[in-house]
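Listed below are the residues making up each chain.
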Amino acid sequence: FCRHALAAGVPFDVIGTSYYPDWHGDLSGLKQCLNGLAAEFKKPVMVVETAYPWFPDEHWKDRPHMDWPMTKDGQRRFLAEVLAAVRAVPGGLGRGVFYWYPEAVPVKDMPVWVGGSCALFDRNGEVLPAAGFSRPASN
């Protein structure tokens, strides 16, 4: 896509990509993608859409590449590792992460994306650990 955009004379400043492990594979693939894009195009890269469940909703049954536990701490570890992958892009070209639909808290009689399993808030609206940090936790 970026090659075609440049060939067509389309200017761009940042390259954004999605990362959902069940669709895109394990974290090594994300790292390879971000590093390759930054190296080839010399532009900042971002993960502009990602999410991970904090509880095992029916949606996640038998999904591949769900390598982190579907728990509050598993969600925090997932996001910490995605942030670390972006920060590790050579040349300081990793710029940030946008979390998809963090406010997807279930509300009575209203459907919500994947049952609220990927929200950054629990069912009572309390902030989950994944939302409460700006740098990877030391393990």
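Residues numbered from 1 in each chain as written. Predicted model: local features only at pLDDT ≥ 70, side-chain atom pairs only at ≥ 80, totals over all residues. Heavy atoms only, no water.

Caption draft 1: Region of interest: helix 4 (residues 72-87). Here helix 4 spans 23 Å end to end across 16 residues, near enough to the 22 Å set by a 1.5 Å rise per residue. For helix 4, the elements touching its buried residues are strand 1 (15-19), helix 2 (21-24), helix 3 (27-41), strand 2 (45-50) and strand 3 (94-99). (Helix = DSSP H or I, 4+ residues; strand = E, 2+ residues; numbered from the N terminus. Expected span 1.5 Å × (residues − 1). Contact = heavy atoms within 4.5 Å.)

Caption draft 2: Geometry of unusual backbone geometry. Unusually for a residue other than glycine, Y101 sits at a positive phi of about 50°. Within the secondary structure layout, Y101 lies in the segment after strand 3. With relative accessibility at 30%, the residue Y101 sits in the partly exposed group. The residue D109 is not glycine, and still its phi comes out positive at about 65°. (Buried < 20%, exposed > 50% of the residue type's maximum accessible area, 1.4 Å probe, protein only.)

Caption draft 3: Structural detail: the pattern of salt bridges. Applying the stated rule across the entire model yields 4 salt bridges. A salt bridge links E40 to R3; the shortest N-O distance between them is 2.7 Å. One end of the pair, E40, is in helix 3; the other, R3, is in helix 1 (residues 2-7), with 37 residues separating them in the sequence. E40 gets classed as partly exposed once you look at its relative accessible area, which sits at 40%. Take R3: its relative accessible area is 57%, and that puts it in the exposed class. Put simply, D22 and R63 hold a salt bridge, and the shortest N to O gap is 2.9 Å. (Salt bridge = Lys/Arg side-chain N within 4 Å of Asp/Glu carboxyl O.)

Caption draft 4: Broad picture of the nonpolar core. By size, the foremost hydrophobic cluster in this structure holds 32 residues, and its most contacted members are Y19 and L30. Those elements that place two or more of their residues in this core are helix 1, strand 1, helix 3, strand 2 and helix 4. Setting aside residues up to four positions removed in sequence, L30 forms contacts with T17, Y19, V47, V82 and A85. With 7 residues, the next largest nonpolar core counts F55, A104, V112 and L128 among its residues. (Core = buried A, V, L, I, M, F, W, Y, C linked by side-chain atoms within 4.5 Å.)

Caption draft 5: A look at the pairing of strand 3. Relative to strand 3, strand 2 is paired through 4 bridges, and the arrangement is parallel. Paired with M46 across the strands is G96, a residue of strand 3. The handedness of the strand 2 to strand 3 crossover, carried by helix 4, is right-handed. (Pairing = 2+ DSSP bridges. Right-handed = clockwise from strand over helix to strand, strands pointing away.)

Caption draft 6: Fine view of the sheet that holds strand 1. Pairing in this open sheet of 3 strands is parallel, and the strands run 1-2-3 from one edge to the other. Every interior strand has two partners, whereas the edge strands, strand 1 and strand 3, have only one. When the angles between neighbouring strand axes are averaged without regard to direction, this sheet yields 20°. One ladder, built from 5 bridges, connects strand 1 with strand 2; its direction is parallel. Note on strand 2: the bridge partner recorded for T17 is V47. Strands strand 1 and strand 2 of the sheet are contacted by helix 3, whose axis makes an angle of about 170° with strand 1. Against the sheet, helix 4 touches strand 1, strand 2 and strand 3, its axis set at about 150° to strand 3. (Axes fitted to C-alpha atoms, helices over the stretch in contact; angles between N-to-C directions.)

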